[in-house]
Amino acid sequence: YTAGLVAAAGARPSRLVVFGKGTDVPAQTEPLLLERPTIVTVARIEERYKGHDAILGALPLVLAKVPDAQWVVIGEGSLRAGLEALARSSGIAGSVRFLGAVGDEERNLWLRRANVLAMPSRLPAGGFAGEGFGIAYLEAGAYGKPVVAGNVGGALDAVLDGETGLLVDPRDTAALAQALVTLLLDRELAARLGEAGRKRALEHAWPLVVARVEALLLEQLDA
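Residues numbered from 1 in each chain as written. Predicted model: local features only at pLDDT ≥ 70, side-chain atom pairs only at ≥ 80, totals over all residues. Heavy atoms only, no water.

Peer 1: Would you mind showing me how to read the nonpolar core here?
Peer 2: Note on soluble globular proteins: their nonpolar side chains tend to be buried together. By size, the foremost hydrophobic cluster in this structure holds 34 residues, and its most contacted members are Ile-39, Val-62 and Val-148. Looking at this core, the elements with two or more residues in it are α2 (52-65), β2 (70-74), α3 (80-89), β3 (96-100), β4 (116-119), β6 (165-168), α7 (173-185) and α8 (187-203). With near-sequence residues (within four places) excluded, Ile-39 lies in contact with Leu-59, Val-62, Gln-70, Trp-71, Val-72, Val-116, Ala-118, Leu-180 and Leu-184. Core analysis: the next-biggest nonpolar cluster, separate from the first, contains 24 residues, Val-40, Phe-133, Tyr-137 and Tyr-143 among them. (Core = buried A, V, L, I, M, F, W, Y, C linked by side-chain atoms within 4.5 Å. Buried < 20%, exposed > 50% of the residue type's maximum accessible area, 1.4 Å probe, protein only. Helix = DSSP H or I, 4+ residues; strand = E, 2+ residues; numbered from the N terminus. Contact = heavy atoms within 4.5 Å.)

This is the structure we're talking about:
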């Protein structure tokens, strides 16, 4: 997706090489699932395209099917206060936890605790940019977690629909809610997608990505 944006800006496609983003491979990935089915989002609360408001809109439908579910939001930004107010006015504040900015260790603990990572990003006004790739999807996959993502932008490169997660129209509240409910209730499907996500994350481990970049640079030096 990002390569397409670069080409559209005038770059020669024949001169573009796509490596994909790299991700760290965690040392501890054993799940620490909580009693409450848990949806986690890891993203700055600064850009509307990330889809925090979409999850809030879908959450009442999720709670109708999974009453004890909770949404844990990791990240900080100027939109947080408005989202917290919306959660209160919607009567679902008891099912939402805004943790703000946290350290890597606490973020990783929540990825181990989560049942699913959700980040239904959409394209900003104008239809350009948005997720260039969506490294959060791979980071969740590294912990064996299935993901729910928007079916636009770089998420199409990061998430394999029906294999490592579920892609939905981020503007479709019912579809988003159904995807979340499915992964919260169908533990077998969630485990299968999560395991595929783990394997995909390993394919994008930083040492492998660095080796690919190094090989290309050496190739260009020899040219």
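Peer 1: What is the right way to look at the packing of aromatic side chains in this model?
Peer 2: Going through the model one piece at a time under the given rule, you end up with one aromatic pair. Note on Trp-71 and Phe-98: the rings are 6.1 Å apart at their centroids and 65° apart in plane angle, and the pair reads as edge-to-face. Separated by 27 residues along the polypeptide, Trp-71 in strand β2 and Phe-98 in strand β3 bring together distant segments of the chain. Its relative accessible area of 0% is what places Trp-71 among the buried residues. (Phe/Tyr/Trp six-rings, centres within 6.5 Å; stacked < 30°, edge-to-face > 60°.)

Peer 1: Help me out: how do you make sense of the pattern of salt bridges in this one?
Peer 2: Opposite charge on two side chains lets them pair, provided their charged atoms get close. Within the structure shown, the criterion is met by nine salt bridges. Where Glu-76 meets Arg-80, a salt bridge forms, and the shortest distance between an N and an O atom there is 2.8 Å. Classification of Glu-76 by relative accessible area gives partly exposed; the value is 37%. Salt bridges sharing partners connect three or more residues here, namely Glu-76, Arg-80 and Glu-84. (Salt bridge = Lys/Arg side-chain N within 4 Å of Asp/Glu carboxyl O.)

Peer 1: Just to check I follow, could you spell out the sheet that holds β4 for this structure?
Peer 2: Picture the strands of a sheet paired through backbone hydrogen bonds; they go either parallel or antiparallel. The strand order β3-β2-β1-β4-β5-β6 describes an open sheet built from six strands, whose pairing is parallel. The open sheet is flanked by β3 and β6, the only strands paired with a single partner. This sheet shows a mean twist of 25° between the axes of neighbouring strands, independent of strand direction. With two bridges joining them, strand β1 (residues 38-42) and β4 adopt parallel strand pairing. Each bridged residue has a counterpart across the sheet, and for Ile-39 the counterpart in β4 is Val-116. On the sheet, helix α4 (residues 104-113) packs against β1, β2, β3 and β4 and is oriented at approximately 145° with respect to β1. (Pairing = 2+ DSSP bridges. Axes fitted to C-alpha atoms, helices over the stretch in contact; angles between N-to-C directions.)

Peer 1: It is not clear to me how the packing of α2 against α7 should be interpreted in this structure. Could you clarify?
Peer 2: Geometrically, a packed helix pair is captured by the angle between its two axes and the distance between the axes. Where α2 contacts α7, the axes come no closer than 8 Å and their chain directions differ by 50°. In terms of axis orientation, α2 runs oblique to α7. Where α2 crosses over α7, the handedness of that crossing is right-handed. Between α2 and α7, the residues in contact are Ala-54, Ile-55, Gly-57, Ala-58, Leu-61, Val-62 and Lys-65 and Thr-173, Ala-174, Leu-176, Ala-177, Gln-178, Leu-180, Val-181 and Leu-184, respectively. Of the residues belonging to the contact of α2 with α7, the class tally is 11 nonpolar, three polar and one charged. (Parallel < 35°, antiparallel > 145°, perpendicular 65-115°, else oblique. Left-handed = near helix turned anticlockwise from the far one by under 90°. Nonpolar A, V, L, I, M, F, W, Y, C, P; charged D, E, K, R; others polar.)

Peer 1: When you look at α3 in this model, what are you seeing that I'm missing?
Peer 2: Helical geometry: 3.6 residues make up each α-helical turn, so side chains three or four residues apart lie on a common side. Every buried residue of α3 is accounted for by Arg-80, Leu-83 and Ala-87. One side of α3 carries all its buried residues, which in axial view fall inside an arc of 65°. In α3, those exposed residues whose orientation departs by more than 90 degrees from the buried face are Ala-81, Arg-88 and Ser-89. Structurally, α3 contributes buried residues whose contacts are with α2 and β3. In the stretch just after α3, Gly-91 is the one whose phi turns positive, near 75°. (Arc of directions from axis to C-beta.)

Peer 1: Looking at this model, I keep getting lost on the pairing of β2. Mind explaining?
Peer 2: Along β2, five of the five residues are buried, which leaves the element largely enclosed by surrounding structure. Taking every second residue as pointing to the same face, both faces of β2 are buried, with Gln-70, Val-72 and Ile-74 on one and Trp-71 and Val-73 on the other. Taken together, the five bridges between β1 and β2 define a ladder with parallel strand orientation. If you follow Val-40 over to β2, its bridge partner there is Val-72. As a crossover connection, the stretch from β1 through α2 into β2 is right-handed. Where β2 lies against β3, four bridges are found, and the strand directions are parallel. (Right-handed = clockwise from strand over helix to strand, strands pointing away.)

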